[in-house]
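So the chains spell out like this:
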Amino acid sequence: WIRGHVPQISGGIAGAALLVVLISRNSVGRLSLSRLLLVLPVLGTLRRQLDTARFCQSLAMLSANGVETVAALRSAIGSMASPAMRHSARDLPASVVSGGTLSAGLRSRPGFDPVAADMAEIGEETSRLPEMMAHTANLLEKQAEARANKLVTLIAPVATIVLGGLVAVVIMSVMSAMLQLNSLV
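In this text the structure is predicted, and so the values were computed from the model without any measurement.

Quick notes on the rules
Residues numbered from 1 in each chain as written. Predicted model: local features only at pLDDT ≥ 70, side-chain atom pairs only at ≥ 80, totals over all residues. Heavy atoms only, no water. Helix = DSSP H or I, 4+ residues; strand = E, 2+ residues; numbered from the N terminus. Buried < 20%, exposed > 50% of the residue type's maximum accessible area, 1.4 Å probe, protein only. Polar contact = N/O pair within 3.5 Å; in protein donor to acceptor, adjacent residues only side chain to side chain. Core = buried A, V, L, I, M, F, W, Y, C linked by side-chain atoms within 4.5 Å. Contact = heavy atoms within 4.5 Å.

1. Re unusual backbone geometry
Part 1: In this structure, S127 takes a positive phi of about 55° despite not being glycine.
Part 2: Note on placement: S127 falls in the loop between α8 (114-126) and α9 (129-184).
Part 3: The exposure class of S127 is exposed, given its relative accessible area of 68%.

2. Quick notes on the side chain of T52
Part 1: With respect to the secondary-structure elements, T52 resides in helix α3 (residues 41-64).
Part 2: Among the polar contacts listed, one links the side chain of T52 to the backbone nitrogen of D113, at a separation of 3.3 Å.

3. Points about the nonpolar core
Part 1: Counting 27 residues, the largest nonpolar core has F55, L59, L102, L106 and M133 as its most contacted members.
Part 2: Elements that contribute at least two residues to this core include exactly α2 (27-38), α3, α4 (69-78), α5 (83-89), α6 (92-97), α7 (102-108), α8 and α9.
Part 3: Apart from the residues within four sequence positions on either side, F55 is in contact with L73, A76, I77, S79, M80, L92, L106 and F112.

Structure, rendered in structure tokens:
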């Protein structure tokens, strides 16, 4: 079946790749692709943890060095890699300026790890927000590293199974061709 449909399969793969490239060229497409990546089971969680850690680390560093809270929040939001995470947090500084707490703002934004909101609340209550955000960043980075190590551990068996399947398909194709030649003789 695969030999008979190689042009269609190749065209489908090329079309899908072209579609992803075209969608990612404009900001709405990039945002949609980013949201899609964030909901993936393993990779999405890893991406959310790393972006939340980056946000917390930037906020901690800026706040500890005397940068005003709103400016620190804007810079920390800008440091996140995911367009969907940045979009989710875009009105967080305004929420804090209008009297809301950082912890409440983080809880109400999709994508942020709940640990960040909990630790921000502790930091706000104890007036040690920079230290708590730095601790949160370290914690999330360690969790993300452990998750990435598990993912890498799973890649070897999955790759072995996939390659074994490909070898089986090649062997079946060769055997099928040989049997067809025998039937012609």
